[in-house]
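# Geometric and topological summary
Listed below are the residues making up each chain.
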Amino acid sequence: MSKIAQRTGIIWTPQDDIDLLAVGLDSEHDHADFWGMVNINQAARDWLDNKISLSDYCDILQFNGIPDPFEIVGEFCDHTELIMRVGCR
C-alpha cells in the first residue's frame, strides 16, 4: 500500500494526477509562501506534462523549501502504481 493510501485510508483516484502533487497554503502564509506554492504547482504540472525532467522538478521543489523531493515523487509513483494494479483486476 502506498503512503498516501495509508494516510488517507483509501486508494484515491483523482481526476487529475496534479491533485496528488499540488500543495496549498494555510491562513498564515506570506507573499513568499504564495509564490513558492505557485512555483511548486507549476513544476508539478510541467513534470507531469513532460515539459521538465524529474531532476529539474526535484531541484525546483528543493529550491522552494521541500527538503526531500524524492520522497514526494516516490509516494506519487507508489500510489500511481497501486491505482494501476488495483484498477487492472
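Read on for a plain summary of the structure. (Residues numbered from 1 in each chain as written. Predicted model: local features only at pLDDT ≥ 70, side-chain atom pairs only at ≥ 80, totals over all residues. Heavy atoms only, no water.)

Moving on, we get to the overall build of the chain. Each helix and strand counted, the chain has 4 helices and 0 strands in total. Starting at the N terminus and walking to the C terminus, you meet the elements of the chain as α-α-α-α. Going through the 89 residues of the chain one by one, you find that 29% of them count as buried. Long-range contacts, defined as pairs at least 24 residues apart, comprise 54% of the intrachain contacts of the chain with a sequence gap of at least 6. On the chain, roughly 6000 Å² of surface is accessible, and the fraction owed to carbon and sulfur atoms is 53%. (Helix = DSSP H or I, 4+ residues; strand = E, 2+ residues; numbered from the N terminus. Buried < 20%, exposed > 50% of the residue type's maximum accessible area, 1.4 Å probe, protein only. Contact = heavy atoms within 4.5 Å. Areas by Shrake-Rupley, 256 points an atom, 1.4 Å probe, with all protein chains shown as cover.)

As enumerated under the stated definition, the model contains 2 salt bridges in all. For aspartate 16, the salt bridge is made with arginine 45, and the minimal N-O distance between the two is 2.5 Å. Note that aspartate 16 is positioned in the loop between α1 (3–8) and α2 (31–48) and arginine 45 in helix α2, a separation of 29 residues in sequence. Its relative accessible area of 25% is what places arginine 45 among the partly exposed residues. Residues arginine 45 and aspartate 49 are paired through a salt bridge, measuring 3.9 Å at the closest nitrogen-oxygen approach. Shared partners join several salt bridges into a network, and the residues in it are Asp16, Arg45 and Asp49. (Salt bridge = Lys/Arg side-chain N within 4 Å of Asp/Glu carboxyl O.)

With that settled, the discussion passes to α2. The end-to-end C-alpha distance of α2, which contains 18 residues, comes to 26 Å, matching closely the 26 Å that a straight helix rising 1.5 Å per residue would cover. For α2, the capping residue at the N-terminal end is aspartate 30, with a side-chain oxygen 3.1 Å from the backbone nitrogen of alanine 32. Backbone geometry just after α2 places asparagine 50 at a positive phi near 60°. (Expected span 1.5 Å × (residues − 1). Polar contact = N/O pair within 3.5 Å; in protein donor to acceptor, adjacent residues only side chain to side chain.)

What follows concerns the environment of alanine 32. Mapped onto the elements, alanine 32 comes out in helix α2. Accessibility expressed as a relative area gives 57% for alanine 32, which makes it exposed. Separated by 32 residues in sequence, alanine 32 and asparagine 64 place their C-alpha atoms 9.5 Å apart.

Bringing the environment of tryptophan 35 into the picture now. Inspection of the secondary structure assignment puts tryptophan 35 in helix α2. Each C-alpha atom of the pair tryptophan 35 and asparagine 64 lies 9.1 Å from the other, and the pair is 29 residues apart in sequence.

Side chains of Asp26, Glu28, Asp30 and Asp33 sit close together on the surface and give a patch of like negative charge. Here glutamate 28 is to be found in the loop between α1 and α2. For glutamate 28, a relative accessible area of 66% puts it in the exposed group. (Patch = residues over 30% accessible without salt bridge, like charges linked within 9 Å, V, L, I, M, F, W, Y side chains within 5 Å. Lys, Arg positive; Asp, Glu negative; His and termini not counted. Charge placed at Lys NZ, Arg CZ, Asp CG, Glu CD.)

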